[in-house]
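Descriptive analysis of the structure
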Amino acid sequence: MSFAPALNPVVRYYDTHPINEDQILSALRQRGIVLEQTTQETLKDHDQDHFGGLEATDILIAKAGIQPQHWVLDVCSGMGGPARYLAHRIGCHVVGLDLTESRLESAKRLTRIVKLDHLVSFRLGNALEMPFDAAAFDVVIGQEAWCHIPQKETLIAQCSRVLKPGGVVAFTDILRTDRISQAELDRLAAEMTFSDLGSIERYRTLLTEAGNDVVTAEDLSPLWAQILVKRLAMYRSLQETTVRKFGEERHREWDRYYSFFVGLYAEGKLGGGRFVARKR
């Protein structure tokens with residue numbers, strides 16, 4: 001079964017995302033850092049496109065118990081910021097899986113620049129049809145990207161399939177609450193490509209049914225409501241690079257879409273969760 005038609009809008013969404021390779025390199029140049037002098041220590045401050053930045057990744061690393069000998073799969077790895085940070089900090093091998101070729105190629109280039117390609121690699125592929133053998137990884141991670149993936153049952157089943165027995169899946173994701181309307185969900189699907197939002201209880205059930213013991217299922221909603229106000233301001237600060245690369249209309253669209261998204265957190269209609277489960 002092919003899931004490509006449902007996921008094509010996600011590719012288009014990330015092909016014109018305000019945080020991209022050009023924007024990252026521009027930020028480095030503004031700091032006076034030339035490409036040849038770029039290291040992981042400098043890059044890590046600009047390539048973490050998820051809520052809470054490096055601190056959030058550190059928490060996920062600790063809760064998953066990632067060790068140097070582990071092989072880690074980052075599902076929906078984007079431009080590879082967390083994958084590089086994880087490999088550099090822990091010394092483990094990380095494989096990033098992503099559907100968007102433009103971001104995958106950026107991830108490869110940035111990884112070569114900071115000389116981490118001996119530990120970090122990337123595969124173009126669909127999280128609903130993972131191109132990996134069963135029991136190939138010690139840990140599977142994800143950060144606020146699984147909201148774009150339809151059929152959460154298949155997603156969680158795939159994550160469990162590629163985990164070794166005793167392996168850990170640890171992820172954060174955008175969640176719906178019972179206060180959100182169908183009209184608001186439809187708008188999120190059209191504008192943010194959120195095709196199937198989970199909830200804490202739904203993810204807990206899916207993880208259990210896929211053969212995992214849930215260790216933690218934390219509600220991050222109050223924290224994210226604060227973080228997202230700052231993220232909206234950050235995206236607005238990228239107006240110049242967004243307009244230069246994608247045009248004024250895309251910048252205005254993004255501002256309108258993201259303002260709506262952030263407002264739903266303020267109204268308690270969207271939330272967030274952190275999940276850790278161990279495969280039986």
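Above this text you will find the structure in question.
Scope of this entry: the structure provided in the associated data block. These numbers come from a predicted model, not from an experiment.

A closer look at the layout of surface pockets
For the largest pocket, the calculated volume is near 330 Å³. What lines the largest pocket is a set of 18 residues, among which I19, D45, Q48, R231 and M234 lie closest to the centre. Where the lining of the largest pocket is concerned, the elements lending two or more residues are α4 (53-64) and α10 (221-237). Here the lining of the largest pocket takes five residues from α10, the largest share from any one element. Tallied by class, the residues present in the lining of the largest pocket amount to five nonpolar, seven polar and six charged. Space inside the second largest pocket adds up to approximately 160 Å³. G52, A56, I59, L223 and R274 are, among the 14 residues lining the second largest pocket, the residues nearest its centre. Put simply, the parts of the chain that give the lining of the second largest pocket at least two residues each are α4 and α10. Counting residues per element, the lining of the second largest pocket draws most heavily on α4, which supplies four residues. Taken together, the residues of the lining of the second largest pocket sort by class into eight nonpolar, three polar and three charged.

The rules behind these values
Residues numbered from 1 in each chain as written. Predicted model: local features only at pLDDT ≥ 70, side-chain atom pairs only at ≥ 80, totals over all residues. Heavy atoms only, no water. 1 Å grid on protein atoms, 1.4 Å probe; cavity = no way out; pocket = protein on both sides within 12 Å on 5 of 7 lines; lining within 4 Å. Points joined across faces, edges and corners; volume = space filled by probe spheres on them. Helix = DSSP H or I, 4+ residues; strand = E, 2+ residues; numbered from the N terminus. Nonpolar A, V, L, I, M, F, W, Y, C, P; charged D, E, K, R; others polar.

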